[in-house]
Amino acid sequence: MNAPLTPAQHDSLQKSERQSQIVRALQAHLPAHALIWQAEDTTPYECDGLTAYRQRPLVVALPETEAQVAAVLKTCHGLGVPVVARGAGTGLSGGAMPHALGVTLSLAKFNRILKVDPVSRTAVVQCGVRNLAISEAAAPFNLYYAPDPSSQIACTIGGNVAENSGGVHCLKYGLTLHNVLRVRGFTAEGEPVEFGGEALDAPGLDLLALVIGSEGMLAVTTEVTVKLVPKPQLARCIMASFDDVRKAGDAVAAVIAAGIIPAGLEMMDKPMTAAVEDFVHAGYDLDAAAILLCESDGTAEEVEEEIGRMTAVLRGSGAIAIAVSTSEDERMKFWSGRKNAFPASGRISPDYMCLDSTIPRKRLADILLAIQEMEKKYNLRCCNVFHAGDGNLHPLVLFDANDPDELHRCELFGADILETSVAMGGTVSGEHGVGVEKLNSMCVQFTAAENEQMFGVKRAFDPAGLLNPGKVIPTLQRCAEYGKQVVRGGRLPHPDLPRF
């Protein structure tokens, strides 16, 4: 007589049967090479750039045509199977972390640039096209795509749409939202849907602004029409050093207050400049408490005038040293450190968690000083790099994921940064999205009624709740439980997430 199954064995059997059911259903629509489910094959899909939390998907589908995408979505909807769309996996908030009982829909094969139109200054691209590849394709026409995340060499336009990504030049040229005209894709039911249009405005509700930044919860993107902008005749960059972080923060506010909108305005603190200088040798001042990178672009006359004005403002704000690029090579050298901040941090720590929040520009120094106190509180190091011009922070908390206690303290450190940002008048996210990382912090920023309004939008697009479920919007129960915790105390912010 066989012994009864344990609860774990029963769950495993049910999961295996569910997996077989899904595979059989999808095999009718996908070729054999476009469907994987063995553990060793699905492991590369278990997380995105937020590696602290991992979950193997039940099945991974890799469609090659829009008809196949529609078929996968219709099949999963009919079976009640969750679907998580995935691009290049470079996201930093766990937005592409798989569902344990769901299908990961990889759109990596949608990597064709369909059209570059220099007359209308637009490009039509599939969702799996890399951000930088758009500018490379537009370069012969002296055009480029303005949003430039640090991961632009790898991240895809579909992921940029999901997260409303920006980059170092977002202050002047805007985020993904400001540079996309049209998004095509499919609903959770597999029905085709289009947001926006090729004209400057589209009839009806502005649903394009709703779907951009929706983190794969409302629809699956397959094609995007982006705006292209002319390459500036000239660009020059100022590197300004400060002996005090408050002076640097005040300088940022002073530049904007002077009516200047730089092409880029970035800030790095001393630990970050040390990390990147050792990595790329950009010529950064290692004695400075903080440095600012301020870029001007346009005609030669415009750049000369703006560089002069910014230099005067920075000197008046207490800059102890100022260098201005005199060639394109030197400008790119200045930016090389900022662009390599994340990999440079990876060289000095086994792991890091890259946070993302926003604050009013006038509070830049306040948040930096608060983070310094948090370093003592949690006994962890933190390197800071900011899109200073629009108050978007990217603190990198350094830790070792192999040490459960360090991961514990890192999570609490991150939550502290996010919630301090809210207390200073900011938000818990700027461009990395909420994903799973910031669910609890959303409870701090938004009321139960506000979260319910967001769920209402979700239900309007996806009544069954199958697209990327369990992310972005916290449930009332989660917020109630989080409210009972000592927020700066001992419980892990994410006790229900599988860890590395």
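Each chain carries its own residue numbering, running from 1 in the direction its sequence is written. Whole-chain, interface and lining totals are the exception, using all residues; otherwise, since this is a predicted model, local features are given only for residues with pLDDT of at least 70 and side-chain atom pairs are given and counted only at 80 or more. Side-chain numbers come from the whole structure's heavy atoms, not from hydrogens or water.

Paired strands, as defined in this entry, are two strands with at least two bridges between them according to DSSP. Under the scheme used here, helices are H or I runs from DSSP no shorter than 4 residues and strands are E runs no shorter than 2 residues, and both carry numbers assigned from the N terminus. On the basis of which strands lie adjacent, the open sheet formed by four strands has the order β1-β2-β4-β3 and mixed pairing. Looking at the sheet topology across the chains shown, the edges are occupied by β1 (35-36) and β3 (83-86). For strand β2 (residues 59-61) and strand β4 (residues 103-106), the ladder comprises three bridges, and the chain directions are parallel. By the bridge assignment for β4, Val59 is matched with Val103. Between two residues, a contact is recorded if the distance between any of their heavy atoms is within 4.5 Å. Helix axes are fitted to C-alpha atoms over the stretch in contact, other axes to C-alpha atoms as well, and angles between N-to-C directions run from 0 to 180 degrees. Packed on one face of the sheet, helix α3 (residues 66-79) meets β2, β3 and β4 and runs near 165° to β4.

Next up on the list: the sheet that holds strand β6 (residues 122-126). Whenever strands of a sheet pair, they do so through backbone hydrogen bonds, lying parallel or antiparallel. Strand order in the open sheet formed by five strands is β5-β6-β10-β8-β9, and the pairing between neighbours is antiparallel. The sheet is open, and its two edges are formed by β5 (113-117) and β9 (192-196), each paired on a single side. Each strand axis lies, on average, 10° off the axis of its neighbour in the sheet, ignoring direction. The pairing of strand β8 (residues 180-186) with β9 spans five bridges and is classified as antiparallel. Bridging from a neighbouring strand, Phe186 pairs with Pro192 of β9.

Attention now goes to the environment of Leu114. As for its position among the elements, Leu114 is in strand β5. Taking the C-alpha atoms as reference, Leu114 lies 9.8 Å from Val224; in sequence the two are 110 residues apart.

Structurally, the position occupied by Ser441 is in helix α15 (residues 439-445). A simple rule labels every residue: compare its accessible area, found with a 1.4 Å probe on the protein chains alone, to the largest value its type can have, and call it buried under 20%, exposed over 50%, or partly exposed in between. A residue is classified by how much of its surface remains accessible, and Ser441, at 3% relative accessible area, is buried. Contact partners of Ser441, with chain neighbours within four places excluded, come to Ala415, Leu418, Glu419 and Val428.

Moving on, we come to the state of the cysteines. Pairs of cysteine sulfur atoms within 2.5 Å are what we label disulfides. Taken as a whole and assessed by the stated rule, the structure comprises one disulfide. With a sulfur-sulfur separation of 2.2 Å, Cys443 is cross-linked through a disulfide to Cys479. Its S-S torsion of approximately -80° makes the covalent link between Cys443 and Cys479 left-handed. Here Cys443, found in helix α15, pairs with Cys479, found in helix α17 (residues 476-484); they are 36 residues apart in sequence, far enough to count as distant. A relative accessible area of 16% places Cys443 in the buried class. Assessed through its relative accessible area of 18%, Cys479 is described here as buried. Looking at Cys155, it has no disulfide partner, and the nearest cysteine sulfur is the one in Cys127, 13 Å off. Cys294 carries a free sulfur, and the closest cysteine sulfur to it, the one in Cys237, is 7.1 Å from it.

As a further point, take the nonpolar core. We call a set of buried Ala, Val, Leu, Ile, Met, Phe, Trp, Tyr and Cys residues a nonpolar core when their side-chain atoms join them within 4.5 Å. By size, the foremost hydrophobic cluster in this structure holds 59 residues, and its most contacted members are Met267, Leu314 and Phe413. Residue contributions to this core peak at seven residues, all from helix α14 (residues 404-423). If we skip the residues at most four places from it in the chain, Leu314 touches Ile238, Ala240, Phe242, Ala251, Val255, Leu292, Cys294, Ala319 and Ile322. Counting residues in hydrophobic clusters, the runner-up holds 25 residues, among them Ala34, Leu35, Val59 and Leu73.

Okay, helix α4 (residues 131-138) next. Because an α-helix packs 3.6 residues into every turn, residues spaced three or four apart end up facing the same way. Those residues of α4 lying buried are Asn131, Ala133, Ile134, Ser135 and Ala138. If you follow the buried residues of α4, they end up packed against β5, β6, β7 (143-144), α5 (157-163) and β10 (220-227).

This part covers the packing of aromatic side chains. Each Phe, Tyr or Trp ring, with Trp reduced to its six-membered ring, pairs with another whose centre is within 6.5 Å; inter-plane angles below 30 degrees give stacked pairs, above 60 give edge-to-face pairs, and intermediate values give tilted ones. Taken as a whole and assessed by the stated rule, the structure comprises four aromatic pairs. Between Phe195 and Phe461 the ring centres are 6.3 Å apart and the planes differ by 35°, which places this aromatic pair in the tilted class. Placement of the pair is Phe195 in strand β9 and Phe461 in helix α16 (residues 448-461), with a sequence separation of 266 residues. Side by side, Phe195 and Phe461 carry an identical accessibility label, which is buried. Residues Tyr378 and Phe413 carry aromatic rings whose centres are separated by 5.3 Å and whose planes lie at 25° to one another, so their mutual orientation is stacked. Linking Tyr378 in helix α13 (residues 364-378) with Phe413 in helix α14, this pair joins segments that are 35 residues apart in sequence.

Before going further, it helps to spend a moment on unusual backbone geometry. Even without glycine at this site, Asn379 takes up a positive phi of about 55°. Classification of Asn379 by relative accessible area gives exposed; the value is 62%. Despite not being glycine, Asn468 has its phi angle at roughly 45°, a positive value. Structurally, Asn468 can be placed in the loop between α16 and α17.

This part is about the confidence of the model for the protein chain. Any segment with low pLDDT has predicted coordinates that should not be analysed in fine detail. Counting all residues, the mean pLDDT for the protein chain is 93, and 96% of those residues have values of 70 or more. The predictor attaches a confidence to each residue, and that confidence, scored 0 to 100, is pLDDT. Contacts for the low-pLDDT stretch residues 486-495, under 50 throughout, to residues beyond four places or in other chains number 29 contacts.

This part is about the packing of helix α8 (residues 245-257) against helix α10 (residues 300-316). Viewed as axis vectors pointing N to C, α8 and α10 meet at an angle of 140°, and their least axial separation amounts to 9 Å. Comparing the axis directions of α8 and α10 gives the class oblique. Crossing angle aside, the handedness with which α8 passes α10 is right-handed. Residue-level contacts link Ala251, Ala254 and Val255 of α8 to Met310, Val313 and Leu314 of α10. Side-chain classes follow a simple rule in which Ala, Val, Leu, Ile, Met, Phe, Trp, Tyr, Cys and Pro form the nonpolar group, Asp, Glu, Lys and Arg form the charged group, and the remainder, Gly included, forms the polar group. Of the residues belonging to the contact of α8 with α10, the class tally is six nonpolar, no polar and no charged. If an angle is under 35 degrees, it is roughly parallel; if it is over 145, roughly antiparallel; if it lies from 65 to 115, roughly perpendicular; otherwise it is oblique. Rotating anticlockwise by less than a right angle from the far helix to the near helix defines a left-handed crossing, while the corresponding clockwise rotation defines a right-handed one.

This next bit is on a nonpolar patch on the surface. On the surface, a nonpolar cluster with roughly 330 Å² of combined accessible area is contributed by Leu205, Leu207, Leu210 and Val457. By the secondary structure assignment, Val457 is in helix α16. In this structure Val457 comes out as partly exposed when scored by relative accessible area, which is 31%. To count toward a patch, a residue needs a relative accessible area above 30% and no salt bridge. Like charges then connect within 9 Å, nonpolar side chains (Val, Leu, Ile, Met, Phe, Trp, Tyr) within 5 Å. Only the protein chains shown count as cover for residues, with accessible areas throughout obtained via the Shrake-Rupley method and a probe of 1.4 Å. Only one rule defines a salt bridge in this text: a Lys or Arg side-chain nitrogen within 4 Å of an Asp or Glu carboxyl oxygen.

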